[in-house]
Amino acid sequence: MSGANNYIPMWLLAELTYACPLQCPYCSNPLQLPANRKQELSTEQWLRVMREARKLGAVQLGFSGGEPLVRKDLVQLIEAADDMGFYCNLITSAVGLTAEKITSFKEAGIKHIQISFQGSTKETNALFGGTDSFEHKLAMTKEVIAQGIPLGLNFVLHRQNIHQVSDFLEIAQELGAEFVELANTQYYAWALHNRDQLLPSSEQLEEAEAATNRFRAQHKGRMNVIFVAPDYYEKRPKKCSNGWGTTFITVTPEGDVLPCQSAKIIKGLQFPNVREESLMDIWRESDLFNRFRGTQWMQEPCASCPEKEIDLGGCRCQAFMLTGDVNATDPICEFSPDHHLITDAIAAAERDELAEQKAAPLLFRNTINAKKMAEKEN
Amino acid sequence: MFDYRTDKFTLNPNYRLQYEEAQQCYVLLYPEGLVKLSDTAVEILRRCAQPISGDELIAQLQHDYPGAESLADDVKEFLVDAQSQDWIVAAGE
């Protein structure tokens, strides 16, 4: 398609490994997790990927996973990326982090660290993350701040912890964080599987937003707080990753190249791999990246919609997951013929909370459950 | 909070200022984001690699660009903005 050369993948998300000490039931990694790490890209292969991404103009680099701290070559990768001119962000649970490691990352050139919390107390953090890590996260947050590295805290919200927003904001402020993201779970992969147990009710969501606004009003400007609502409560869909194949490029632990973190759930698409092709060819020439660039691919009601350039039909993953048709309008959109799938889920979320939690346990993200899911699929 | 006119400041050491071939312009990179810079912004920020005060900066620029009329006001306006966004921080921080 013409025009592909005009797009610059400003953001490279390097998912270094799927290995993770946590077991979050809303993880965005695929349900089909590999049984081991044998297929992970080598250090040399990652260095090549980063060099090629820089050539395409990528400037922001996120080291993610899984838990990126699991990779023994993380310092080496940060150092090389910094030398190449990347602005390096580390996205971590802090499990496995130490003061010494923070120092070595800083010396290697890390510019920003994001630490995720799964609950605002020792108990809930352990329950939803599957590790007893709360005190350690607090200690590491302080350490990152003490070492002068810009820090963001990410608190993942869902119906079973969304009432903790105020507590978490107080903790973040006490720690001296400058930036906090209150990120509601979005319903892909493991989160979609657990959606009935995770999607908050409208009342819960309104209360959490109100609590956030009360906090902002009380502590003017000292801490930057962003509240991200679940897409399900929006009237219009979001562009896929700022537009499919326009801004973001994700490389999975095994070298598959995706326009977003979730795209592998779409069946019937071919996913190019950095072991076989250069990143440049993949970004510019591959069917995958060209397939949903622009608006030519759209069907109704998107094709004739006056807002089609604004949201570009929304998220392709969401369309596929919920309707089975990758070309469909994202059901988040109120004009989608499948929008009832969203309103039904929201209606179900208004049920009695405790009864629901008891009725169906959360499926935690781990290799045993991944294996069970794979067997179910086959 | 430093006084940008008289106190020394530098470019935030946690940010990166660099020329991007692919975008054909200078950018400033910060946590999870970037901004494309105007020629004027680049001219100012490149002089902030070493500690400098606003008054010194304006004097330098007036020397290098004699006759640029609203220069002092433009620089002041830029520095107020740059300070509020943490692009520049007190020297030694």
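Above this text sits the structure in question.
Keep in mind it's a predicted model, so treat the numbers as computed, not measured.

Participant: Residues and numbers for the overall build of chain B, please.
Facilitator: When you go through chain B residue by residue, the secondary structure sums to 3 helices and 5 strands. For chain B, the α and β elements follow one another from N to C terminus as β-β-β-β-α-α-α-β. Relative to a compact globule of 93 residues, whose C-alpha radius of gyration would be 12 Å, chain B shows 13 Å and is just as compact. Based on the C-alpha atoms only, the size of chain B along its principal axes is roughly 35 × 30 × 20 Å. Classification of the 93 residues of chain B by burial places 44% in the buried group. A separation threshold of at least 6 residues defines the contact pool for chain B, and within that pool the share at least 24 residues apart is 54%. Total accessible area computed for chain B in this model is approximately 5300 Å², and 47% of it derives from carbon and sulfur atoms. Mean positive and mean negative side-chain charge positions of chain B (7 and 17 charges, respectively) differ by 4 Å.

Participant: Would you mind going over the sheet that holds strand β2 (residues 16-20) of chain B in detail, with residue names and values included?
Facilitator: All names here are of chain B. Strand order in the open sheet made by the 3 strands is β2-β3-β4, with antiparallel pairing throughout. One side of each edge strand has no neighbouring strand; the edge strands of this open sheet are β2 and β4 (33-36). Neighbour-to-neighbour, the strand axes of this sheet turn through a mean angle of 30°, independent of strand direction. Across 5 bridges, β2 lies against strand β3 (residues 25-30) in antiparallel orientation. Pairing of Y19 across the sheet is with Y26, part of β3.

Participant: Describe in detail the layout of surface pockets, supporting the description with residues and values.
Facilitator: Residue and element names in this part refer to chain A. The computed volume of the largest pocket comes to approximately 1700 Å³. Looking at the largest pocket, it is lined by 46 residues, and the ones nearest its centre are L13, S28, N154, E181 and Q261. Listing elements by their share of the lining of the largest pocket, those giving two or more residues are β1 (11-15), β3 (87-92), β4 (110-117), β5 (151-157), β6 (179-184) and β8 (248-251). Take the lining of the largest pocket: its biggest share by element is 3 residues, from β6.

Participant: Describe the sheet that holds strand β7 (residues 224-228) of chain A, and please don't skip the residues or the numbers.
Facilitator: All names here are of chain A. As summarised here, the arrangement of the 9 strands in space is β7-β6-β5-β4-β3-β2-β1-β8-β9, forming an open sheet in which the pairing is mixed. Single-partner strands in this sheet number two, and they are β7 and β9 (257-258). Bridge analysis of β6 against β7 gives 5 bridges, and the strand direction is parallel. Paired with L182 across the two strands is F227, which belongs to β7. Together, β6 and β7 form the strand contacts of helix α9 (residues 202-218), whose direction differs from that of β7 by roughly 170°.

Participant: An account of helix α2 (residues 54-64) of chain B is requested, with residue identities and associated values reported.
Facilitator: Residue and element names in this part refer to chain B. Those residues of α2 not exposed but buried are G54, L57, I58 and L61. Taken end-on, α2 shows its buried residues confined to a sector of 95°, consistent with a single buried face. Along its buried surface, α2 packs onto β1 (9-11), α1 (39-45) and α3 (71-84).

Participant: How would you explain the nonpolar core if you had to name every residue and give the values?
Facilitator: It is characteristic of soluble globular proteins that their nonpolar side chains tend to be buried jointly. In this structure, L12, M50, F63, L153, L182 and Y232 of chain A are the most contacted members of the largest nonpolar core, which totals 112 residues. Dropping the residues within four chain positions of it, Y232 of chain A is found in contact with Y187, L192, R195, L199, Q318, L322, I332, I342, A345 and I346 of chain A. Formed by 32 residues, the second largest nonpolar core is a distinct cluster that contains M10 of chain A together with F9, A72 and F78 of chain B.

Participant: Quick rundown of empty space enclosed by the protein? Include the residues and the values.
Facilitator: Residues and elements named next belong to chain A. Counted by the stated rule, this structure contains 2 cavities of 30 Å³ or more. Of the pockets and cavities examined, the largest cavity occupies roughly 80 Å³. Class assignment of the residues belonging to the lining of the largest cavity gives a composition of 5 nonpolar, 5 polar and 2 charged. As for the second largest cavity, its lining consists of C240, G243, W244, F292, W297, L312, G314 and R316. Among the residues forming the lining of the second largest cavity, the class breakdown is 5 nonpolar, 2 polar and 1 charged.

Cut-offs and rules
Residues numbered from 1 in each chain as written. Chains lettered and ligands numbered in written order. Predicted model: local features only at pLDDT ≥ 70, side-chain atom pairs only at ≥ 80, totals over all residues. Heavy atoms only, no water. Helix = DSSP H or I, 4+ residues; strand = E, 2+ residues; numbered from the N terminus. Rg over C-alpha atoms; globule rule 2.2 N^0.38 Å. Buried < 20%, exposed > 50% of the residue type's maximum accessible area, 1.4 Å probe, protein only. Contact = heavy atoms within 4.5 Å. Areas by Shrake-Rupley, 256 points an atom, 1.4 Å probe, with all protein chains shown as cover. Lys, Arg positive; Asp, Glu negative; His and termini not counted. Charge placed at Lys NZ, Arg CZ, Asp CG, Glu CD. Pairing = 2+ DSSP bridges. Axes fitted to C-alpha atoms, helices over the stretch in contact; angles between N-to-C directions. 1 Å grid on protein atoms, 1.4 Å probe; cavity = no way out; pocket = protein on both sides within 12 Å on 5 of 7 lines; lining within 4 Å. Points joined across faces, edges and corners; volume = space filled by probe spheres on them. Arc of directions from axis to C-beta. Core = buried A, V, L, I, M, F, W, Y, C linked by side-chain atoms within 4.5 Å. Nonpolar A, V, L, I, M, F, W, Y, C, P; charged D, E, K, R; others polar.

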